[in-house]
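# Structure assessment
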Amino acid sequence: MTGEIPPLGLPRINQIGYVVRDLDASVRAYAHRLGVGGWQLYTYGPSLVPEMTYRGRAQAYRMRLAFTWWGDLQLELVEPLEGPSVYEDFLRAHGEGIHHLGVFVPDFAAAVRAMEQRGYQVIQSGRGFGARGDGAYAYFDTAASLATLLEVIQVPAERHPPESVYPP
């Protein structure tokens, strides 16, 4: 087909992200109804993520996150708290549900360049959330071709300790 976007060339999907209205209730539901647990909960905002963008400009936002592993797939639940964000956009347009597919990348800058070369633009990003100031993420609007957003994630070498865990 002419005009077709070349394949993304990403190794595999590592994460499925859901946007929820109540993080605590959602974590409990996943733990009790599906047996998915070992959740680590965080609040991300400017104090933990010093470089944040939304729609092409510097923009602070805050959200609560919960992470766990389901086999070799990471599940992430996101509750938006304040500031404009792709999470708020999603809740307004769709309600709760699957928000993004995440791919762990070894070279964040190269992954962003590769996505941009394929015609996708960063719609939200953050950098510096690791305990050593590393770690980065960027969301791309791939909804027209994949029916969801795609997130590239450079996992930090070391995370900050979670605020809480569930079950305790």
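Overview of the structure. Every chain is numbered on its own, with residues counted from 1 as its sequence reads. Per-residue local features are limited, in this predicted model, to residues with pLDDT of at least 70; the limit for side-chain atom pairs, both in listing and counting, is 80 or more; totals at the level of whole chains, interfaces and linings are taken over all residues. Hydrogens and water are ignored here; the side-chain numbers use all heavy atoms of the structure.

### Things to note about unusual backbone geometry
A cis amide bond links tyrosine 166 with the next residue in sequence, proline 167, at an omega value of -5°. Here proline 167 shows up in the segment after β11 (164-166). Each helix is a run of H or I in the DSSP string that is no shorter than four residues. Each strand is a run of E no shorter than two, and both are numbered from the N terminus.

### Digging into helix α3 (residues 108-117)
Burial classes follow relative accessibility: with a 1.4 Å probe on protein chains only, a residue under 20% of its type's maximum area counts as buried, one over 50% as exposed, and anything between as partly exposed. Listed in full, the buried residues belonging to α3 are Phe108, Ala111, Val112 and Met115. Seen end-on, α3 carries its buried residues on one side only, within an arc spanning 100°. The contact rule is simple, with two residues in contact once any of their heavy atoms fall within 4.5 Å. Looking at the buried residues of α3, the elements they touch are β8 (122-127), β9 (136-140) and β10 (149-154). Polar contacts, as counted here, are pairs of nitrogen or oxygen atoms within 3.5 Å of one another; within protein the pair requires one atom able to donate a hydrogen and one able to accept it, and residues that are adjacent in sequence qualify only if both atoms are side-chain atoms. One side-chain oxygen at the N-terminal end of α3 lies 3.3 Å from the backbone nitrogen of alanine 109; it belongs to aspartate 107. Count one or two residues on from α3 and you reach glycine 119, which has phi positive near 95°. To be clear, the arc concerns the directions from the helix axis to the C-beta atoms.

### Focus: the pattern of salt bridges
Here a salt bridge means any side-chain nitrogen of Lys or Arg lying within 4 Å of a carboxyl oxygen belonging to Asp or Glu. This model, assessed by the stated rule, comprises eight salt bridges. The shortest N-O distance in the salt bridge between aspartate 24 and arginine 64 comes to 3.1 Å. Taken together, the residues aspartate 24 in helix α1 (residues 23-34) and arginine 64 in strand β5 (residues 62-70) connect sequence positions 40 residues apart. For arginine 64, a relative accessible area of 18% puts it in the buried group. The structure contains a network of salt bridges with shared partners spanning Arg55, Glu88, Asp89 and Arg92.

### Some remarks on helix α2 (residues 86-94)
Among the residues of α2, Val86, Tyr87, Asp89, Phe90 and Leu91 are the ones counted as buried. In the stretch just after α2, glycine 95 is the one whose phi turns positive, near 80°.

### What about the side chain of asparagine 14?
Relative to the elements of secondary structure, asparagine 14 occurs in the segment before β1 (15-19). Taking relative accessible area as the criterion, asparagine 14 reaches 9% and is therefore assigned buried. Among all residues touching asparagine 14, those that are not within four sequence positions of it are Trp69, Asp72, Leu73, Gln74, Gly102, Val103 and Phe104.

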